[in-house]
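Here are the chains, one letter per residue:
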Amino acid sequence: MIKVAIDAMGGDFGPKPIIEGVVEALKYEQFEPILVGDESEIVKYIPKHFRDKISLINSTDYIRMDEHATDALKRKESSIYKAIELVRQKQADAVVSAGHSGATMSLATLRVGRIRGIKRPAIATFMPTIKKEYAIVLDVGANVDSDSENLYQFALMGEIYSKEVLNHTNPRIGLLSNGEEDVKGNAVTKETFQKLKDNPHFYGNVEGNDIFKGVVDVVVCDGFVGNILLKTSEGVADTIVTMIKEEVRKSGLISKVGALLMRRVFKALKKSIDYAEYGGAPLLGVNGCVIISHGKSNSKAIKNAVFQAINYTKADITSKIETKIKGR
C-alpha cells in the first residue's frame, strides 16, 4: 500500500484542515497516511473510526513562514524534516506539505537528493485552459537562474508528468518567450530552442496568452519568470471575478433565470482557477515524490494533493524521469 507522509503542522491554519483533507482522501483511496506533527493537537481532529487507519509521528517543532528556509536543515525535530526523512529512508513513498515551501524544497533537494542526471529540480504547477484541461508550467519558483540545460531537462520532466499523470497521450511542449518566432527570446531561451527542436513533442516558442488557450500541454520557463507568471495569473483571475461580481451588483439582474445563469458561470470560473482543485505543485527532479501545497490550503486542497501524490507514485514518475534523462 502506498504510504504518504503529511506535514500536519506547516499550513497557515494549523493541523485541522490538513487532517480533514487526509480523512476525506481515505474515503476515496486506499493508502497509508503518516501524519507528522504534535500528536496532542493532531488526535483532536481525527475521527475515532479513522484512528486505526492513520499513523502518527510526534513532532512539536515546525518551520514558521517567516523563518529562513536554511533553518530547516538544522531543525531535525521539525515536522517537515521528519516527513522528508521518511521518504529518504524509504519508509514513505511521498510527502505532502502545506508548510514553508522553501524549507520543503531545500530539504527535499539536500536530504532526498536529485534524480541521477538532473541538475536542478523544478516546481510544476497547473494552468487552466479554454479546452477545460490543465497545462503544466515549470519551473515556477525553485530556481531563479536557469541555463539552457536546466530548461531542457524541465521540458523532459514536464513531458513525462503531462503524459503519465495528466493523461496527455502526445504532450506538446512550448518554450515561453517574448514571441512565437524561432529567433525570439534571450540567449538562454534561444539555446534551449536549439536543444529542443529535434524533440517530436516540441511545439516551439509560445507567448503568455497561448498558455490559457491550450496551445501546448507543457510550458517551460525559468523559476523567476514562472513565479511572476503564476502570481500575475492568480491576481488577474481574482480581479476579473471581483469586477464581474461588482458590475452585476450595480446593474442588477433582470430575471431569476439570469441570476441562476450567472451563479453557474461564477461557479465554473471559480472552480477552474481554484488551486484546491489540484492541491499542490510537484517538485520534479528529486529522488521521490514531493508535493508542495499552498499555505492557505483547505481540506479539499489537501485531499487533492494526497491524490496527486498517489497518482505520482503509481505512475512511477521518478524512475521514468531517470530513464528519460539517461536515454537522451
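Asker: Please set out the packing of aromatic side chains residue by residue, giving values where relevant.
Answerer: For the coordinates displayed, the defined rule picks out five aromatic pairs. When the centroid spacing of 6.4 Å and the interplanar angle of 85° are considered together, the rings of Y28 and F307 count as edge-to-face. One end of the pair, Y28, is in the loop between α1 (15-26) and β2 (32-37); the other, F307, is in helix α10 (residues 299-314), with 279 residues separating them in the sequence. In this structure Y28 comes out as exposed when scored by relative accessible area, which is 59%. Clustering of aromatic rings is evident, with ring pairs tying together F126, Y134, Y161 and Y312. Taking the ring centre of Y62 as reference, the NZ or CZ of R64 above it sits at 3.9 Å.

Asker: Account for the environment of S79, naming residues and giving values.
Answerer: By secondary structure assignment, the location of S79 is in helix α3 (residues 79-88). Owing to a relative accessible area of 1%, S79 belongs among the buried residues under this scheme. Note: C-alpha distance between S79 and D7 (72 residues apart in sequence) is 5.8 Å. In this structure S79 touches D7, M9, V36, G37, S59, D61 and Y62, once residues within four positions along its chain are discounted.

Asker: Could you give me a rundown of the pattern of salt bridges, with the residues and numbers involved?
Answerer: All told, the structure shown has 16 salt bridges when counted by the stated rule. Residues E20 and K16 are paired through a salt bridge, measuring 2.6 Å at the closest nitrogen-oxygen approach. Of this pair, E20 and K16 both sit in helix α1, four residues apart, which is roughly one turn of that helix. A relative accessible area of 31% places E20 in the partly exposed class. Note on K16: relative accessible area 39%, which makes it partly exposed. A salt bridge links K324 to E159, with the nearest nitrogen and oxygen atoms 3.3 Å apart.

Asker: Lay out the nonpolar core in plain terms, naming residues and giving numbers.
Answerer: Ranked by size, the top nonpolar core spans 57 residues in total, and within it V4, F31, L35, Y161, V220, I317 and I321 carry the most contacts. Ranked by residue count, the leading element in this core is helix α5 (residues 148-164), at eight residues. When near neighbours in sequence (up to four residues on either side) are disregarded, V4 contacts F31, E32, P33, I34, A94, V96, A309 and I310.

Asker: An account of the side chain of D210 is requested, with residue identities and associated values reported.
Answerer: One can find D210 in helix α7 (residues 208-213). No salt bridge is formed by the buried D210, whose closest oppositely charged neighbour, K213, lies at an N-O distance of 4.3 Å. Within the local environment of D210, its side chain forms a polar contact with the backbone nitrogen of E207, the two atoms lying 2.9 Å apart.

Asker: So what's going on with the packing of α1 against α10? Which residues, and what values?
Answerer: One way to put it is that α1 packs onto α10 with a least axis distance of 7 Å and a crossing angle of 50°. With respect to α10, the axis of α1 lies oblique. The two elements α1 and α10 meet at a crossing, and its hand is right-handed. Between α1 and α10, the residues in contact are P17, I18, E20, G21, V22, E24 and A25 and S299, I302, K303, V306 and F307, respectively.

Asker: Can you tell me about a nonpolar patch on the surface, naming the residues and giving the values?
Answerer: A grouping of V144, F224, V225 and I228 is seen on the molecular surface, where their side chains present a nonpolar patch of about 370 Å² in accessible area. Considering the arrangement of structural elements, one finds I228 in helix α8 (residues 223-251). Using a relative accessible area of 44% as the deciding quantity, one classes I228 as partly exposed.

Asker: Before we move on, can you summarise α5 with the specific residues and values?
Answerer: Helix length check: α5, at 17 residues, gives a terminal C-alpha distance of 25 Å against a target of 24 Å (1.5 Å per residue), a fit within 8%. Burial runs high along α5: 15 of the 17 residues are buried.

Asker: Which residues make up the sheet that holds strand β6 (residues 134-138), and what values go with them?
Answerer: Here we have 11 strands laid out as an open sheet, ordered β3-β2-β1-β4-β11-β10-β5-β6-β9-β7-β8, and mixed in their pairing. One side of each edge strand has no neighbouring strand; the edge strands of this open sheet are β3 (55-58) and β8 (202-206). Within this sheet the neighbouring strands show an average axis-to-axis angle of 25°, counted without direction. Of the strand pairs in this sheet, strand β1 (residues 3-7) and β2 are connected by five bridges, and their pairing is parallel. When the sheet's bridge partners are listed, K3 is paired in β2 with E32. Contacting β1, β2, β3 and β4 (94-97), α3 runs over the sheet at an angle of about 145° to β2.

Asker: An account of unusual backbone geometry is requested, with residue identities and associated values reported.
Answerer: A cis amide bond links L138 with the next residue in sequence, D139, at an omega value of 10°. For D139, the position within the fold is in the loop between β6 and α5. In this model, K132 sits at a positive phi of 60°, which is unusual for a non-glycine residue. If you trace the backbone, K132 turns up in the loop between β5 (122-128) and β6.

Reading guide: rules and limits
- Residues numbered from 1 in each chain as written.
- Predicted model: local features only at pLDDT ≥ 70, side-chain atom pairs only at ≥ 80, totals over all residues.
- Heavy atoms only, no water.
- Phe/Tyr/Trp six-rings, centres within 6.5 Å; stacked < 30°, edge-to-face > 60°.
- Helix = DSSP H or I, 4+ residues; strand = E, 2+ residues; numbered from the N terminus.
- Buried < 20%, exposed > 50% of the residue type's maximum accessible area, 1.4 Å probe, protein only.
- Lys NZ or Arg CZ within 6 Å of the ring centre and 35° of its normal.
- Contact = heavy atoms within 4.5 Å.
- Salt bridge = Lys/Arg side-chain N within 4 Å of Asp/Glu carboxyl O.
- Core = buried A, V, L, I, M, F, W, Y, C linked by side-chain atoms within 4.5 Å.
- Lys, Arg positive; Asp, Glu negative; His and termini not counted.
- Polar contact = N/O pair within 3.5 Å; in protein donor to acceptor, adjacent residues only side chain to side chain.
- Axes fitted to C-alpha atoms, helices over the stretch in contact; angles between N-to-C directions.
- Parallel < 35°, antiparallel > 145°, perpendicular 65-115°, else oblique.
- Left-handed = near helix turned anticlockwise from the far one by under 90°.
- Patch = residues over 30% accessible without salt bridge, like charges linked within 9 Å, V, L, I, M, F, W, Y side chains within 5 Å.
- Areas by Shrake-Rupley, 256 points an atom, 1.4 Å probe, with all protein chains shown as cover.
- Expected span 1.5 Å × (residues − 1).
- Pairing = 2+ DSSP bridges.

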